[in-house]
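Secondary and tertiary structure notes
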Amino acid sequence: MVAKRRGSRRVALLLTALFLATALVGVFMVGRGAVEYHSAAKDMHGNSVTMDSDELPDGQQTRRMHAVQDLGLTLEVPAVSMKVPVGELSAVDGVITPPTFTQAYLVRNRGVGLQKAADGTVYVVTHSLSDGFAPGNYLFDVAAQRATVKRGDALRIAGLNYSVDSSEMIAKTSLASRSEVWDSVPGRLVLITCLQRQHGRSLRNLVIFAQLQ
């Protein structure tokens, strides 16, 4: 997927890979959808989501993500009535592309898996839409440009109970350099989506930090 995006529904996330004992920095991007799903993509209200073909990853990249759409788990944030299925995928060549607009996705090759949640940071990414409703839309108020979750709100995934610690709006151009997002912290979960605006492309990411209870 190219870094250039068109339209107001741009949901690219710039992430970073901080490798131990090396100066190499990888850039992750969350794109809009996988090739297999673009013709029938639906948002959480069942409405069609239109995507441009030049914004989709190629077939080889899609296969290498090994995306699982539904692990039989849910991500819940009761304070905002959010309950969505959880899938899993891998970053491929620095690119993360959730294949649906109805699920959150664990990033299996970033941070730690749920089975080791107490030992490090679990990363979850999901789409939001400006002209539809995806999981990320539960998490912010477009008009107020603020998060709808607050400190102390419960966040649950796979039987693990987290408490929201904080949230931050971070410019996409600077997210990769924000070490506090990428530092390994025992028992932490980081949930990332795009912060949509009333008009124009998304310029910031909403990053929610939660701590295992």
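Preceding this paragraph is the structure being described.
**Side note on the pairing of strand β12 (residues 204-212)**
The side chains of a regular strand alternate, first on one face of the sheet and then on the other. Across 9 bridges, strand β10 (residues 160-171) lies against β12 in antiparallel orientation. Among the inter-strand pairings, Ser163 is bridged to a residue of β12, identified as Gln211. Pairing geometry for strand β11 (residues 188-195) and β12, over 8 bridges, is antiparallel. The residue bridging Leu191 from the neighbouring strand is Ile208, located in β12.

**Some details on the sheet that holds strand β9 (residues 154-157)**
Taking strand neighbours around the barrel as the criterion, the 8 strands line up as β3-β4-β5-β6-β11-β12-β10-β9 in a closed arrangement whose pairing is mixed. Strand-to-strand twist across the sheet, computed as the mean angle between neighbouring axes with direction ignored, equals 35°. Relative to strand β4 (residues 82-89), strand β3 (residues 68-77) is paired through 6 bridges, and the arrangement is antiparallel. Bridge pairing links Val68 to Glu88 in β4.

Rules used throughout
- Residues numbered from 1 in each chain as written.
- Predicted model: local features only at pLDDT ≥ 70, side-chain atom pairs only at ≥ 80, totals over all residues.
- Heavy atoms only, no water.
- Pairing = 2+ DSSP bridges.
- Helix = DSSP H or I, 4+ residues; strand = E, 2+ residues; numbered from the N terminus.
- Axes fitted to C-alpha atoms, helices over the stretch in contact; angles between N-to-C directions.

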